[in-house]
Amino acid sequence: MLKALIFDIDGTFADTERDGHRVAFNRAFADAGLDWNWDEARYGELLSVTGGRERILHFIESDASQIEPERRDALARDLHARKTEHYVRMVAHGAVRLRPGVARLLTEAHAVGLTLAIATTTSRANIDALLAHTLPPGALDWFASIGAAEDAPRKKPDPQVYRFVLDALGVDPRDCFAFEDSAAGLRSARALGIPTIVTLNDYTRDQDFNGALSVLSDLGEPLVPAKVIAGAPLQRGMIDVKQLRRWHAQYALNSTRP
Ligand code: XBP
Ligand code: MG
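Just so it is clear, the structure is predicted and the values come from calculations on it, not from any experiment.

### Observations concerning the coordination of the magnesium ion (ligand 2)
Protein ligation of the magnesium ion (ligand 2) involves D8 (OD), D10 (O) and D181 (OD), the donor distances falling in the range 2.1 to 2.2 Å. On the accessibility criterion, D8 (4% relative accessible area) is buried.

In structure tokens:
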């Protein structure tokens, strides 16, 4: 039986990267008196490093090697803490909106008693801010488990965060669906055998999504159907609980159970 839906946050719940995280990183650099600026294209390259602190560290090593090696860890940590403050404030001011179909699917799945969870590389403060400012009051309680950066230091594509969530939920991976936007996220979920639905965004659309159950433009809305890029067709142009139960019966169960 289908039991749980596990959602990535960045890129999947919302297009957080270009106008959210990227801007917050740049503000943190400016606060520290650094003339570093991550434009949209450069940020797209840097996204191959998951995790904000890791991304800053990678940038220091590749583009700011004048920073003494023994100072780099502390600098990355300080900049990242400052970046999180900026990001949380931006989200509170409405800088990020949920992608099509996300609120609809969460609301329906919660109403019918499916377990909801989050598995993300991002920091917990960012998740709390996003849920508080984009979903109805109390929606934080809809999620039976939230796996965040603090719970899984090994970032996606490592499966550690999905392992954390599956253990907390006590469910078989084959009775879940994961929702991801990136190849790193897909690999993380698939490493544990979780059937995964991918919704593309501008930064991820050219990545390799081999192994996804379905690759879609988004989750779709009743009047604005999602486009199917690869995988199974949609019955009603959108991902809803009926569609997920159908797929679970047809594909997830048959293809992965011993
Ligand atoms: C998302 C990330 C995150 C954000 C920044 O990956 O890599 O690092 O870019 O968040 P995914 P933090 O969607 O695959 O989980 O600065 O809080 O790390
Ligand atoms: Mg993502």
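### Side note on the packing of aromatic side chains
Inspection of the entire model under this criterion finds twelve aromatic pairs. Ring centres 6.3 Å apart and planes at 50 degrees place the aromatic pair F13 and F143 in the tilted group. Here F143 lies in strand β3 (residues 143-147) and F13 lies in the loop between β1 (4-7) and α1 (17-31), a separation of 130 residues in the sequence. An aromatic cluster of at least three residues, connected via ring pairs, comprises F25, F29, W36, W38, Y43, F59 and Y203. Here K83 stacks its cationic end above the ring of F25, 4.6 Å away from the centre of that ring.

### Quick word on helix α5 (residues 102-111)
Listed in full, the buried residues belonging to α5 are V102, R104, L105, L106 and A109. Within two residues after α5, G113 carries a phi angle of roughly 90 degrees, on the positive side.

### As for unusual backbone geometry
The linkage connecting K156 with the following residue, P157, adopts the cis geometry, with an omega of 15 degrees. Note that P157 resides in the loop between β3 and α7 (160-169).

### A few points about the site of ligand 1
In the vicinity of ligand 1, 17 residues are found, and the nearest of them are G52, R55, H80, K83 and S123. Here an oxygen atom of ligand 1 sits 2.9 Å away from a polar atom, N or O, in the side chain of E17. In the model, an oxygen atom of ligand 1 is placed 2.6 Å from a nitrogen or oxygen of the K83 side chain. Out of a free accessible area of 450 Å², ligand 1 has 97% covered by protein chains.

### A word on the side chain of K83
In this fold, K83 is placed in helix α4 (residues 69-92). Here K83 is buried and forms no salt bridge, its nearest opposite-charge partner E17 lying at an N-O distance of 6.7 Å. The residues touching K83, leaving out its near neighbours within four places in the chain, are H21, A24, F25, A28 and N126.

### Let's talk about the packing of α1 against α4
Direction vectors running N to C along α1 and α4 enclose 130 degrees, while the axes themselves pass 8 Å from each other. Taken as axis vectors, α1 and α4 run oblique relative to one another. Judged by the sense of rotation from one axis to the other, the crossing of α1 with α4 is right-handed. Between α1, through D19, G20, H21, V23, A24, F25, R27, A28, F29 and D31, and α4, the contact on the second element is made entirely by L79, H80, R82, K83, H86, Y87 and M90. Of the residues contributing to the contact of α1 with α4, the split by class is eight nonpolar, four polar and five charged.

### Quick word on the pattern of salt bridges
One pass over the full model with this rule turns up 18 salt bridges. A salt bridge links E45 to R42, with the shortest nitrogen-to-oxygen separation between them at 2.8 Å. Of this pair, E45 and R42 both sit in helix α2 (residues 40-46), three residues apart, which is roughly one turn of that helix. One salt bridge connects K155 with E54, and the closest N-O pair in it is separated by 2.9 Å.

### Overview of the sheet that holds strand β5 (residues 196-199)
Judged by pairing direction, the sheet is mixed, and its seven strands sit side by side in the order β3-β2-β1-β4-β5-β6-β7 without closing on themselves. Of all the strands in the sheet, the pair left with one neighbour each is β3 and β7 (228-231). Taking the axes of each pair of neighbouring strands and ignoring which way they run, one obtains an average angle of 15 degrees across the sheet. The pairing of strand β4 (residues 176-180) with β5 spans three bridges and is classified as parallel. Pairing of E180 across the sheet is with V198, part of β5. Set on the sheet, α5 makes contact with β1, β2 (115-119), β3 and β4; between it and β1 the angle comes to about 150 degrees.

Calculation criteria
- The residue count restarts for each chain, going from 1 along the sequence in the order it is written.
- Labels follow written order: the first chain is A, the first ligand is 1, and so on.
- Reporting in this predicted model follows two pLDDT cut-offs: at least 70 for local features of residues, and 80 or more for side-chain atom pairs to be given and counted; totals over whole chains, interfaces and linings ignore these cut-offs and use all residues.
- Side-chain figures throughout are based on the complete set of non-hydrogen atoms in the structure, without hydrogens or water.
- The donor definition counts N, O and S atoms within 2.8 Å of each metal and applies 3.2 Å to Na, K and Ca; water is not among these atoms, so some sites may look incomplete.
- Whether a residue is buried, partly exposed or exposed follows from its accessible area with a 1.4 Å probe, protein chains only, as a fraction of its type maximum: under 20%, in between, or over 50%, in that order.
- Centres within 6.5 Å make a pair out of two Phe, Tyr or Trp rings, where for Trp the six-membered ring is used; the pair is then stacked when the planes are under 30 degrees apart, edge-to-face when over 60, and tilted otherwise.
- In DSSP terms, a helix is any run of H or I states spanning at least four residues, a strand is any run of E spanning at least two, and both are numbered starting from the N terminus.
- Ring-over charges, as used throughout, are those where CZ of Arg or NZ of Lys falls within 6 Å of the ring centre and within 35 degrees of the ring normal.
- Near residues are defined by distance, with any heavy atom within 4 Å of the molecule or strand qualifying the residue.
- Counting of polar contacts relies on pairs of N or O atoms within 3.5 Å, with two restrictions inside protein: one atom must be capable of donating a hydrogen and the other of accepting it, and residues adjacent in sequence are counted only when both atoms are side-chain atoms.
- Using a 1.4 Å probe, the Shrake-Rupley method yields the accessible areas, and only the shown protein chains count as cover for residues.
- By the counting scheme adopted, Arg and Lys are positive, Glu and Asp are negative, and His together with the chain ends is not counted.
- We define a salt bridge as a side-chain nitrogen of Lys or Arg found within 4 Å of a carboxyl oxygen belonging to Asp or Glu.
- Any two residues whose heavy atoms approach within 4.5 Å at even a single point are treated as in contact.
- Throughout, an axis means a line fitted to C-alpha atoms (over the contacting stretch in the case of helices), and angles, computed between N-to-C directions, take values from 0 to 180 degrees.
- Between 65 and 115 degrees an angle is taken as roughly perpendicular, under 35 as roughly parallel, over 145 as roughly antiparallel, and anywhere else as oblique.
- Helix crossings get a hand from a simple test, with the near helix turned counterclockwise from the far one by less than a right angle marking a left-handed crossing and a clockwise turn marking a right-handed one.
- Classes in brief: Ala, Val, Leu, Ile, Met, Phe, Trp, Tyr, Cys and Pro nonpolar; Asp, Glu, Lys and Arg charged; the others, Gly included, polar.
- When DSSP finds two or more bridges between two strands, those strands count as paired.

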